[in-house]
Amino acid sequence: MTPVVVRSYRPSDHSACRRLWAELSRQHNEMYGEHRDDGGAGFEEYLTRLDLSGLWVADHADDAVIGMVGLIMRGRAGEVDPVVVTITHRHKGVGRKLLQHVAAEAKRRNMTALTISPESRNIDAIRSLHAAGYDVVSSIELTMDLERHTHPWHHGLELHELPFRS
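These numbers were taken from a predicted model, which means no experiment stands behind them. Starting from 1, residues in each chain are numbered consecutively following that chain's sequence as written. Only residues with pLDDT of at least 70 are given local features in this predicted model, and only at 80 or more are side-chain atom pairs given and counted; all residues enter the totals for whole chains, interfaces and linings. Values reported for side chains reflect all heavy atoms of the structure, with hydrogen atoms and water molecules removed beforehand.

1. Topic: the sheet that holds strand β3 (residues 64-74)
Here's step 1: Overall, mixed pairing links the 5 strands, which are arranged β1-β2-β3-β4-β5 in an open sheet. Edge strands, defined here as strands with exactly one partner in the open sheet, are β1 (4-8) and β5 (114-116). Along the sheet, successive strands turn relative to each other by an average axial angle of 25°, direction set aside.
Here's step 2: Pairing analysis gives 5 bridges linking β1 to strand β2 (residues 52-60), with the strands arranged antiparallel. Looking at the pairing, Val4 lines up with His60 of β2.
Here's step 3: Whether two residues touch is decided by their heavy atoms; if any such pair falls within 4.5 Å, the residues are in contact. Axis geometry follows a simple rule: fit a line to the C-alpha atoms, using only the stretch in contact for helices, then measure angles between N-to-C directions, giving values from 0 to 180 degrees. A run of DSSP states H or I qualifies as a helix once it reaches four residues; a run of E qualifies as a strand once it reaches two. Both are numbered from the N-terminal end. Strands in contact with helix α1 (residues 14-32) are β2, β3 and β4 (77-85); relative to β3, the strand with the most contacts, it is inclined by about 75°.
Here's step 4: Here helix α3 (residues 94-108) sits on the sheet and contacts β1, β2, β3, β4 and β5; the angle it forms with β4, its principal contact strand, is near 160°. Paired strands are those between which DSSP finds at least two bridges.

2. Description of the pattern of salt bridges
Here's step 1: Salt bridges are defined as contacts in which a side-chain nitrogen from Lys or Arg sits within 4 Å of a carboxyl oxygen from Asp or Glu. Taken as a whole and judged by the stated rule, the model has 9 salt bridges.
Here's step 2: With a closest N to O distance of 2.7 Å, Asp13 and Arg7 form a salt bridge.
Here's step 3: Assessed through its relative accessible area of 4%, Asp13 is described here as buried.
Here's step 4: Only protein chains enter the calculation, and the probe is 1.4 Å; a residue is then buried if its accessible area is under 20% of its type maximum, exposed if over 50%, and partly exposed in between. Residue classification places Arg7 among the buried residues on the basis of a relative accessible area of 14%.
Here's step 5: In this structure, Arg74 engages Glu79 in a salt bridge whose closest nitrogen and oxygen atoms are separated by 2.7 Å.
Here's step 6: Using a relative accessible area of 41% as the deciding quantity, one classes Arg74 as partly exposed.

Spelled out as structure tokens, the structure:
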């Protein structure tokens, strides 16, 4: 595998990170049957967050920026948001490298915990995050679907012996 280096975001990474953001948005939209495409415009808003504590990219020797991870401040803790690897480089250890880097940064800053909120249907992401050490369920966000006919929800998630759709 060609070397991948995790380094701090630079202004010259903007267009590559905007493309990654758009790819993440498309994946979310496909997962939930939505038809919104912001073309990565959400990345512009993300960069203006006052609680954004750091942004790092996975820089591939041949393919340039192939992933990114951000750290949001939550008091003495942090939230990892987003973590994304371009589809052609997934399942090659790039995401794990990004997660290790952000965890090391959080430890260096004496943070007490890191949280991350994967989409409930993204089983690959949940498995990867669990393997990376995210094994504590610290909060749950529940949704009441008011437009039942527009979302193709899936059955099969159980929590505390209660059935949920995801």
